[in-house]
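Remarks on the overall topology
One letter stands for each residue in the lines below.
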Amino acid sequence: MTDPGERLRSSLAADQAAGTGADFDSPIAMEALRATRVLHAANQEPFPAPGRIRVISIANQKGGVGKTTSTVNLGVALALYGLRTLVIDLDPQGNASTALGVPHNVGTPSIYDALVGDHSLSEVVHPTTASPLLRCVPATIDLAGAEIELVSVVAREYRLRRSIEAYLHSLPADQRPHYVLVDCPPSLGLLTLNALVAGDEVLIPIQCEYYALEGLGQLLNNIDLVRQHLNPGIAVRTILLTMYDGRTKLADQVAEEVRNHFGELVLDAVIPRNVRVSEAPGYGQSVLTYDPGSRGSTSYVDAARELAQRGVSLPPLSTPAPAGPPTTPMNAVRLDDLAFADTDAATVPVPPSPEERA
């Protein structure tokens, strides 16, 4: 298990070897240095840019596993370290908008207007206070009715994809985001389906508890169905372990089981349980800006660094033209099929349930 502070300790050891003479064994000194490095990220080596624009859907139909928290903090970390990032809040609760300090009260131009209305994405993008390189498309409560309103819309599964592609084409090449992070709602409905059709890859946050492993087969099978019928390019490329409590043996067991089954898909960085991560949204901030010296902040920086390093090897692709009429009939994949599909078709092995292990 990678210690979130291991990278920092190695750096500190190098500083001491260089003869600085500073004593960094004190927890207060460690936290102070962590805070300094996050706050002055712009003066450090930036994260490498990906080989192409990465559109990542952060999805897991189980609630409370850290989807929104991970979307926000990964987005802030990527932006602080030099990568242009766009966060799209696709959850009607609007928690990602809250955490980034973006207004999302009724009447605010939001992702609802782009999906259901006639607004372009550029008309509903808002700046954030976290970084000039980070922008956000907020979600308002209106989004709660979008699934019903989209049922009769032609090419309903492609609404978000077309909005993103048109937005990218409207920007000069040097202003296009390196990363587009889509925060999905805790369900497998039409909003999540739009995110899966729009994305190149899926990042799945998994809480280090056994309940979090249930339903993964259903999610993976739905992704496989989307790949077969709607978006051939979608794939699960990243799994992030969240809410890791090093004081319990259970967390170690779950983490080990996930790593054994998903292998290199799992990031080395693990997000620990940290009260600062939970407190930050109450102040309209990410944990990186609220308490940059906390373990939660350090862990998300490490996770974002790994995510960025993995993106370097992706083959460059020219930005595709806005999607035309889909080649797959819109009713070829029904929502009922996606919600209750057989899990045997999942392409990634799923950890056994506690009953099966017994």
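Structure shown above.
Because the structure is predicted, anything quoted here is derived from the model rather than measured. (Residues numbered from 1 in each chain as written. Predicted model: local features only at pLDDT ≥ 70, side-chain atom pairs only at ≥ 80, totals over all residues. Heavy atoms only, no water.)

Taken as a whole and judged by the stated rule, the model has two aromatic pairs. Ring geometry for tyrosine 283 against tyrosine 290: centres 5.0 Å apart, planes inclined by 20 degrees, an arrangement best described as stacked. For tyrosine 283, a relative accessible area of 56% translates into the label exposed. Accessibility expressed as a relative area gives 23% for tyrosine 290, which makes it partly exposed. The lysine or arginine in question, arginine 305, covers the ring of tyrosine 81, its NZ or CZ lying 6.0 Å from the ring centre. (Phe/Tyr/Trp six-rings, centres within 6.5 Å; stacked < 30°, edge-to-face > 60°. Buried < 20%, exposed > 50% of the residue type's maximum accessible area, 1.4 Å probe, protein only. Lys NZ or Arg CZ within 6 Å of the ring centre and 35° of its normal.)

Moving on: the packing of helix α3 (residues 67-80) against helix α13 (residues 295-311). Two elements in contact, α3 and α13, have axes whose closest approach is 9 Å; the angle formed by their N-to-C orientations is 70 degrees. On the basis of the axis angle, α3 is roughly perpendicular to α13. Taken together, the residues of α13 that come into contact with α3 (itself represented by Thr69, Ser70, Asn73, Leu74, Ala77 and Leu78) are Tyr300, Val301, Ala303, Ala304, Leu307 and Ala308. Considering only residue class, the contact of α3 with α13 consists of nine nonpolar, three polar and no charged. (Axes fitted to C-alpha atoms, helices over the stretch in contact; angles between N-to-C directions. Helix = DSSP H or I, 4+ residues; strand = E, 2+ residues; numbered from the N terminus. Parallel < 35°, antiparallel > 145°, perpendicular 65-115°, else oblique. Contact = heavy atoms within 4.5 Å. Nonpolar A, V, L, I, M, F, W, Y, C, P; charged D, E, K, R; others polar.)

Moving on, we get to the nonpolar core. Grouped burial of nonpolar side chains is what soluble globular proteins tend to show. Judged by nonpolar contacts, the single largest core of 61 residues is most densely connected at Ile88, Ile111, Leu121 and Leu160. The biggest single contributor to this core is helix α8 (residues 190-198), with seven residues. Those residues in contact with leucine 121 that sit more than four places away from it in its chain are Leu86, Ile88, Ile111, Ala114, Val137, Ser163, Ile164 and Tyr167. One finds Val72, Ala130, Leu267 and Tyr300 within the second-largest nonpolar core, a separate group that totals 37 residues. (Core = buried A, V, L, I, M, F, W, Y, C linked by side-chain atoms within 4.5 Å.)

Below, the discussion takes up the pairing of strand β6 (residues 201-207). The element β6 is extensively covered by neighbouring structure, given that seven of its seven residues are classed as buried. Burial of β6 is two-sided: the residues Glu201, Leu203, Pro205 and Gln207 facing one way and the residues Val202, Ile204 and Ile206 facing the other way are all buried. The pairing of strand β1 (residues 54-58) with β6 spans three bridges and is parallel. What sits directly across from serine 57, in β6, is valine 202. In this sheet, strand β7 (residues 236-244) lies alongside β6 in parallel orientation, the contact comprising six bridges. Pairing of isoleucine 206 across the sheet is with leucine 241, part of β7. The parallel pair β6 and β7 is bridged by helix α9 (residues 216-229), and the resulting crossover is right-handed. (Pairing = 2+ DSSP bridges. Right-handed = clockwise from strand over helix to strand, strands pointing away.)

Read these as spatial facts, not as claims about activity.
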